[in-house]
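The lines below spell out each chain.
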Amino acid sequence: MKGIILLANHFEDVEALITIDMLRRAKIEIDLVSITEDYNLVTQSGVRLQADHLISEIDLDEYAFLIIPGGKAVFETHLNSNITKNCIKLFYKKQKLIATICAAPLILDSLGILKDKEYVCFPSCEKSIDGIYKENEKVVVSNIIITSKAAGTTFDFAFAIIKYLLNEEMANIVLNNVYYK
């Protein structure tokens with residue numbers, strides 16, 4: 001099983017890097033994929049990192065799940081990106097897991113995916129999302145969609161993804177190994 005984390009410049013550091021780390025600890029393969037034409041990316045806080053692949057180099061059908069972190073990248077790039085939207089549409093059509101955190105659920109909403117579904121997002125983003133906002137939740141799993149509130153809920157987000165893809169036992173092992181719980 002292999003998934004992708006879709007990245008553009010100024011993604012939220014914690015949401016991406018902790019999620020990547022936690023999934024890899026669970027032995028879930030995840031590729032860092034840039035939707036820009038450059039492998040070199042800069043996080044929201046200015047950390048530089050290199051993507052594994054450019055979006056043009058991969059076959060999305062080879063991947064079982066899609067993750068999109070929040071941050072400025074959502075507003076600067078993803079919401080206006082046909083690349084991002086086409087990736088989401090493909091995964092949604094094939095009923096593959098799509099996990100978004102912070103402001104990234106706004107992208108799902110722009111495609112009508114959250115309509116009549118429970119979700120959570122960064123507080124204030126819910127004002128423009130047409131869905132069932134679960135204000136007091138850190139993470140919401142609604143069929144093939146996982147949403148999470150913000151950087152502070154990233155461990156819970158990663159837990160939900162691991163539980164969905166593998167099982168709760170492995171998700172607990174990974175969290176216990178980093179002394180989160």
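For the structure itself, look to the data block above.
A.B. asks: I tried to follow the nonpolar core on my own but got confused; where do I start?
C.D. replies: As a rule of thumb, nonpolar side chains are buried together in soluble globular proteins. Formed by 62 residues in total, the largest nonpolar core has its most connected members in L6, L23, L66, I67 and I161. With seven residues, the single largest contributor to this core is helix α5 (residues 154–165).

A.B. asks: Explain the pairing of strand β1 (residues 2–7) to me, please; I cannot follow it from the model alone.
C.D. replies: A regular strand carries its side chains on alternate faces of the sheet. With five of its six residues buried, β1 lies for the most part within the structure. Inspection of the sheet shows β1 paired to strand β2 (residues 29–34) by six bridges, in the parallel sense. Across the sheet, residue I4 finds its bridge partner in β2, namely D31. On the question of chirality, the crossover connecting β1 to the parallel β2 by way of helix α1 (residues 13–25) is right-handed. Two strands pair when backbone bridges link them, and β1 and strand β6 (residues 65–68) are joined in this way by three bridges, in the parallel orientation. Looking at the pairing, I5 lines up with I67 of β6.

A.B. asks: What exactly am I supposed to notice about the pairing of β6 here?
C.D. replies: In β6, alternate side chains face the same way, and those of F65 and I67 on one face and L66 and I68 on the other are all buried. As paired strands, β6 and strand β7 (residues 97–101) are joined by four bridges and run parallel to one another. Residue L66 lies in a different strand from β7, and its bridge partner there is I98.

The rules behind the values
- Residues numbered from 1 in each chain as written.
- Predicted model: local features only at pLDDT ≥ 70, side-chain atom pairs only at ≥ 80, totals over all residues.
- Heavy atoms only, no water.
- Core = buried A, V, L, I, M, F, W, Y, C linked by side-chain atoms within 4.5 Å.
- Buried < 20%, exposed > 50% of the residue type's maximum accessible area, 1.4 Å probe, protein only.
- Helix = DSSP H or I, 4+ residues; strand = E, 2+ residues; numbered from the N terminus.
- Pairing = 2+ DSSP bridges.
- Right-handed = clockwise from strand over helix to strand, strands pointing away.

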